[in-house]
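Here is what each chain is made of, one letter per residue.
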Amino acid sequence: MSRVVIGLGSNIDEPLIQLAGALKHLGAHPSVSPTKLSRVYLSAPVGPRDQPDFYNAVVVADTTLTPEALLQWLLDVELEMGRQRHRHWGERCIDLDLLLFDDLEMQTASLIVPHPRAHQRRFVLDPLIELLGEDHILPGQGALRALQAKCADQTISVLCEFPR
């Protein structure tokens, strides 16, 4: 059994409902068992600024899937939930990112673990700290609190508890 961390994000089509729907998908897979949920955080978009702020959360789960199989399933869930890719880092009804897979560091043509920009984004780091603690080491990057300090200029706020 592996422990994984999945980032959830949405900024259109009722984001809180989208996040709750994504959690239902995660809990419905026979090989994925969510164990911890962060609160929902609100942050400015990365990339095009002419879009709504993002609602972000993190889910810790246990799985027996391989990293590649989990990534493909997350992409399938995004499609099933209606995600359309109109522009890079643009608005989306749901975004599911494989952030961590145990303490694995890997890079293939389709997958990089840990997520290649996790260490640069408060909307990832703050919920990770909430669930894993500020001393948790992001493989290849360092302690979460030190990474968070490097992103201190990014505005983020806790919006609410995770919707169920």
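The rules behind each value
- Per chain, the residues get numbers from 1 upward, laid out in the order the sequence is written.
- Totals for whole chains, interfaces and linings use every residue, but because this is a predicted model, local features are given only for residues with pLDDT of at least 70 and side-chain atom pairs only at 80 or more, for both listing and counting.
- To obtain the side-chain values, all non-hydrogen atoms of the structure were included, while hydrogens and water were left out.
- The definition of a nonpolar core used throughout is a set of buried Ala, Val, Leu, Ile, Met, Phe, Trp, Tyr and Cys residues joined through side-chain atoms within 4.5 Å.
- When accessible area is computed with a 1.4 Å probe and restricted to protein chains, residues below 20% of their type maximum are described as buried, those above 50% as exposed, and intermediate ones as partly exposed.
- Secondary structure follows DSSP: runs of H or I at least 4 residues long count as helices, runs of E at least 2 residues long count as strands, and numbering of each begins at the N terminus.
- In this analysis, two residues are considered to be in contact whenever any of their non-hydrogen atoms come within 4.5 Å of each other.
- At least two bridges found by DSSP between two strands are what make those strands a pair.
- Side-chain atoms alone can form a polar contact between residues adjacent in sequence; in general such a contact is a pair of N or O atoms within 3.5 Å, and within protein one must be able to donate a hydrogen while the other accepts it.

Here's the deal with the nonpolar core
Leu8, Leu70, Leu74, Leu98 and Phe162 are the most contacted members of the largest nonpolar core, which has 29 residues in total. Mapped onto this core, the elements with two or more residues apiece are strand S1 (2-10), helix H1 (15-28), strand S2 (32-37), strand S4 (54-63), helix H2 (67-80) and strand S5 (95-101). Top element by residues in this core is H2. It accounts for 5 residues. Beyond its immediate chain neighbours, meaning those up to four positions away, leucine 70 contacts Val4, Val32, Thr63, Leu65, Leu98 and Phe101. Leu100, Ala118, Phe123 and Leu128 belong to the second largest nonpolar core, which has 19 residues in total.

Observations regarding the pairing of strand S3 (residues 40-43)
Inspection of the sheet shows S3 paired to strand S10 (residues 156-160) by 4 bridges, in the antiparallel sense. If you follow leucine 42 over to S10, its bridge partner there is serine 157. Bridge count between S3 and S4: 3 bridges; the pairing is antiparallel. Each residue of the ladder has a partner; that of leucine 42, found in S4, is tyrosine 55.

Some thoughts on the side chain of glutamine 51
Looking at the secondary structure, you find glutamine 51 in the loop between S3 and S4. A polar atom in the side chain of glutamine 51 sits 3.0 Å from the side chain of asparagine 11. Of the polar contacts made by the side chain of glutamine 51, one reaches the backbone oxygen of proline 48; its length is 2.8 Å. The contacts of glutamine 51, once residues within four sequence positions are left out, are Asn11, Pro45, Val46, Arg87, Trp89, Gly90 and Glu91.

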